[in-house]
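The chain contents come next:
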Amino acid sequence: MKIRQLNVAALPALAAIILTGCGQDTGDNAQPEADAPDITAEVQEHYRTKVSLPPEIWESLEKGQITQEDVDARAAAGEFPRFFQFATPEDIPADLNWQDGSNLPAFASPDARRGGTYYTWIQDFPRTLRRFGPDANGSFRPFILDDVITRLGRRHPNDTSITETGFRYYPGVAREWALDKENATVYIRIDPDARFSDGEPITADDMMFMFFIYQSPHIQAPWYNNWYNRKYSNITKYDDLTFSIRQPEVRPDLLFKVMELEPLPEHFYKELGPDYPERYQWRFVPTSGAYEVRPENLKKGQSITLTRVKDWWADDKKFWRNRYNFDRVHFTVIRDVPKAFEAFRKGELDRFSAALPEYWYEKLPDDSEEVQSGYIHKDVFYNDIPRPTYGLWINQSKPLLDNRDIRIGIQHATNWDYVIQKYFRGDYQRMRTNSDGYGEFTHPTLRAREFSVDKALAHFAKAGFTTRGEDGILVNDAGERLSFTVNTGYQTLRDVLTILAEEAAKAGLEFRIEVLDQTASWKKTQEKKHDIAFAAFAVSAEMYPRYWDFGHSVNAYDRAFLPDGSPNPDRKVKTQTNNLQLLAYPELDAMIEQYRASSDVGVMRQLAYRMEEFLYEDASFVPGFVIPFYRDLHWRWFRYPEDFNVRLSRGAEQFFLSWIDTDMKKETREARKSGQTFAPVIGAYDQYRTQ
């Protein structure tokens with residue numbers, strides 16, 4: 001559930017962008033070492049001693065208001081209940097209402113065909129195959145985690161109605177589930193067929209272990225450590241296939257926070273220790289999903305291939321049938337987008353995402369030969385999801401950027417509306433807040449500040465920048481230039497930043513553009529070394545927006561405040577979190593904590609509005625653009641369902657509903673040689689379009 005969760009989202013037009021390594025097979029991802037550590041004793045001790053801290057205690061500990069020694073002493077005195085507990089099936093309440101999602105409709109196409117290799121591309125090679133820890137939150141992650149695992153269950157992607165228990169779910173690893181809302185507890189029965197991709201059965205022990213590893217400092221992942229300590233208060237095992245998870249507060253999304261969990265294989269992580277990042281760097285963790293990465297298919301710097309798991313356990317399950325149809329998904333590293341497009345046009349790649357206007361309107365227009373001959377199909381699909389947060393993330397811990405007038409001036413000097421009209425041809429929309437797309441939780445009246453040279457200059461003047469240098473950039477009395485580096489990993493959007501820089505110069509502001517590969521840019525940003533980052537988070541289709549991840553001071557500094565509430569002069573920046581703006585305000589923390597603890601939707605909604613207003617006044621996020629659709633170019637043999645995709649899909653690949661028609665592929669290639677043509681197909685799917 002980490003924002004893809006804490007992932008920087010590439011445009012739908014962009015392939016995953018990750019660091020390139022050297023060009024040889026990896027040889028370090030399968031066999032344990034003879035002297036490898038054994039985590040078993042540590043796991044059992046954790047189960048025996050781990051206590052569940054009330055939210056207020058946990059938050060006081062995070063803020064440094066109490067010490068770990070204080071907590072340990074109170075735990076030793078028996079003040080807190082055990083986090084891990086063991087019981088029997090007879091202890092399960094008899095009056096639970098068990099559900100299995102069987103009343104929901106399947107959404108994959110019965111016409112889908114199994115087989116073939118899907119040829120696609122990435123701009124750079126992933127830094128790691130680990131799913132958490134340093135460098136694990138890269139843009140290849142969806143293909144080894146988010147989009148390919150079953151989790152305990154999944155939200156139905158078309159039936160988005162909300163019931164008294166929350167979203168509607170279909171089963172994954174869980175065969176059935178029940179919610180005890182009064183006690184904030186979800187009960188799960190695992191499907192006895194469920195297996196990891198290495199063939200090992202999935203049991204309640206793997207769910208127990210999931211909490212252990214996410215709470216462990218070995219993984220070097222602060223977000224996981226906080227989330228799985230703070231958001232859950234107990235897991236109880238009843239038998240090998242039955243367990244329950246309790247949360248510390250009664251919240252509207254109790255079911256969501258459990259159903260979206262994925263068991264972790266205890267047997268795989270037996271060597272876990274302080275060297276976890278290096279030891280597991282290139283080991284593919286067995287999952288519940290349909291694909292695995294085999295050692296021989298990992299060629300660093302060149303390609304990576306997913307192979308379908310033989311006799312996948314969910315193959316014939318109602319909601320997984322006719323999905324994940326490719327035998328293999330082959331990713332070739334192609335660093336330049338134009339080269340990737342040419343490879344697609346030659347038929348070397350099966351599809352190409354075309355959100356960028358130049359590919360949709362100019363490089364492959366409707367009247368192009370391949371389209372009119374019916375060889376390549378063009379489709380646009382309007383989805384209905386919370387929107388990725390494309391914009392400028394200002395690091396207010398940096399000199400000058402800690403001045404609110406500077407930040408407001410940057411807001412008015414950033415001409416996103418011009419970018420949308422000139423570069424995106426008016427197809428995109430201006431983002432209003434960084435929580436657009438959450439229905440009643442999205443602020444109804446806030447709008448992003450407009451471009452205005454006069455307003456920008458007025459705020460820059462308040463910050464002491466009143467004189468233009470010879471190049472037109474403002475300087476203050478100390479001779480400092482009003483100049484900041486804007487880094488990004490979106491190499492195909494270099495021209496967007498060029499336009500923004502040209503417009504900003506009109507207001508005396510210099511944007512120094514730094515375009516890196518996406519992994520390098522994201523690493524710089526997560527290490528909080530950026531001035532301003534042009535980036536986005538691919539958010540999940542959750543019930544309401546998150547604020548703790550992006551706005552709480554515990555994700556900005558190790559100890560942001562002294563006990564009296566004043567800023568800690570010795571505080572250190574906390575890296576590898578998603579508080580990219582380094583927001584640290586006691587009043588914002590208080591609202592976030594109240595929001596996290598509330599079970600009242602009305603109270604949460606009003607708090608969301610107040611926090612958005614606070615963030616608007618803080619002015620360290622410059623809202624960019626919203627893409628209300630995705631566009632897809634694909635050869636006619638690359639097939640989609642009749643209605644193309646599902647309402648909640650972020651991109652054409654996410655739910656793996658497509659397939660390769662090998663007969664049609666042969667037919668098309670022969671037709672291109674002979675000159676035979678087919679009817680052109682230019683589709684527009686607007687059944688889920690919102691205004």
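Going by the structure above, here's the rest.
Just so you know, these numbers come straight off a predicted model, no measurement behind them. (Residues numbered from 1 in each chain as written. Predicted model: local features only at pLDDT ≥ 70, side-chain atom pairs only at ≥ 80, totals over all residues. Heavy atoms only, no water.)

Peer 1: How should I be thinking about the sheet that holds strand β21 (residues 532–535) in this particular structure?
Peer 2: Within a sheet, adjacent strands bond to each other through the backbone by hydrogen bonds, running parallel or antiparallel. The sheet built from 5 strands is open, its strands ordered β20-β19-β21-β15-β22 with mixed pairing. The open sheet has two edge strands with one neighbour each: β20 (510–515) and β22 (621–623). Averaged over all neighbouring strand pairs, the angle between strand axes comes to 25°, with direction disregarded. Pairing of strand β19 (residues 483–488) with β20 involves 6 bridges; the strand directions are parallel. Directly across from Ser483, in β20, lies its bridge partner Glu510. Contacts from helix α14 (residues 494–505) reach β19, β20 and β21, with the element oriented near 170° to β20. Running at roughly 125° to β19, helix α15 (residues 518–526) makes contact with β19, β20 and β21 of the sheet. (Pairing = 2+ DSSP bridges. Helix = DSSP H or I, 4+ residues; strand = E, 2+ residues; numbered from the N terminus. Axes fitted to C-alpha atoms, helices over the stretch in contact; angles between N-to-C directions. Contact = heavy atoms within 4.5 Å.)

Peer 1: When you look at the pattern of salt bridges in this model, what are you seeing that I'm missing?
Peer 2: It is possible for side chains bearing opposite charge to pair when their charged atoms get close. According to the stated counting rule, one finds 50 salt bridges in the structure shown. Arg407 is the partner of Asp618 in a salt bridge, and the nearest nitrogen-oxygen pair spans 3.3 Å. With Asp618 in helix α18 (residues 601–618) and Arg407 in helix α11 (residues 404–413), this residue pair connects regions lying 211 residues apart in the sequence. The burial state of Asp618 is the same as that of Arg407; both residues are buried. A single salt-bridge network, built from bridges that share partners, covers Asp135, Lys523, Glu527 and Lys529. (Salt bridge = Lys/Arg side-chain N within 4 Å of Asp/Glu carboxyl O. Buried < 20%, exposed > 50% of the residue type's maximum accessible area, 1.4 Å probe, protein only.)

Peer 1: What am I meant to see in the packing of aromatic side chains here?
Peer 2: Scanning all chains against the criterion turns up 77 aromatic pairs. Ring centres of Tyr291 and Tyr324 lie 6.0 Å apart, and the angle between their planes is 65°; on these two criteria the pair is classed as edge-to-face. Placement of Tyr291 in strand β9 (residues 291–292) and of Tyr324 in the loop between β11 (303–308) and β12 (328–333) is noted, with a sequence separation of 33 residues between them. Given a relative accessible area of 2%, Tyr291 falls into the buried group. (Phe/Tyr/Trp six-rings, centres within 6.5 Å; stacked < 30°, edge-to-face > 60°.)

Peer 1: Would you take a moment to explain the packing of α11 against helix α13 (residues 453–462) for this structure?
Peer 2: Describing two packed helices takes the angle between their axes plus the distance from one axis to the other. Interhelical geometry of α11 versus α13 gives an angle of 165° and a closest axis separation of 8 Å. Judged by the angle between their axes, α11 and α13 are roughly antiparallel. Read as a crossing pair, α11 and α13 show a hand that is left-handed. From α11, Asp405, Ile406, Ile408, Gly409, Ile410, His412 and Ala413 reach across to α13, where they touch Lys455, Ala456, His459, Phe460 and Lys462. (Parallel < 35°, antiparallel > 145°, perpendicular 65-115°, else oblique. Left-handed = near helix turned anticlockwise from the far one by under 90°.)

Peer 1: Which parts of the structure should I look at to understand the sheet that holds strand β27 (residues 682–685)?
Peer 2: Ordered by their spatial adjacency, 4 strands build an open sheet running β13-β24-β14-β27, and the pairing between neighbours is mixed. Single-partner strands in this sheet number two, and they are β13 (351–353) and β27. For this sheet, the mean angle separating the axes of adjacent strands, direction not counted, is 15°. Here 3 bridges tie β13 to strand β24 (residues 629–635), and the two strands are oriented antiparallel to one another. Each bridged residue has a counterpart across the sheet, and for Ser353 the counterpart in β24 is Asp632.

Peer 1: How should the environment of Ala204 be read in this particular structure?
Peer 2: Along the polypeptide, Ala204 turns up in helix α4 (residues 204–215). Judged by relative accessible area, which is 0%, Ala204 ranks as buried. For the pair formed by Ala204 and Asp336, sequence separation is 132 residues and the distance between their alpha carbons is 45 Å. The residues touching Ala204, leaving out its near neighbours within four places in the chain, are Ile190, Lys237, Asp239, Asp240, Thr242 and Phe243.

Peer 1: Sorry if this is basic, but what is going on with the side chain of Thr525 here?
Peer 2: Position of Thr525 among the secondary structure elements: in helix α15. Leave out the neighbours within four places in its chain, and Thr525 touches Asn487, His530, Ala533 and Leu580.

Peer 1: What is the right way to look at the environment of Ala184 in this model?
Peer 2: Considering the arrangement of structural elements, one finds Ala184 in the loop between β5 (174–180) and β6 (185–190). Exposure remark for Ala184: the relative accessible area of 3% places this residue in the buried category. When the C-alpha atoms of Ala184 and Pro357 are compared, they prove to be 47 Å apart, with 173 residues separating the residues in sequence. Sequence-distant contacts of Ala184, defined by excluding residues within four places in its chain, comprise Ile245, Arg246, Gln247, Glu249, Val250 and Leu254.

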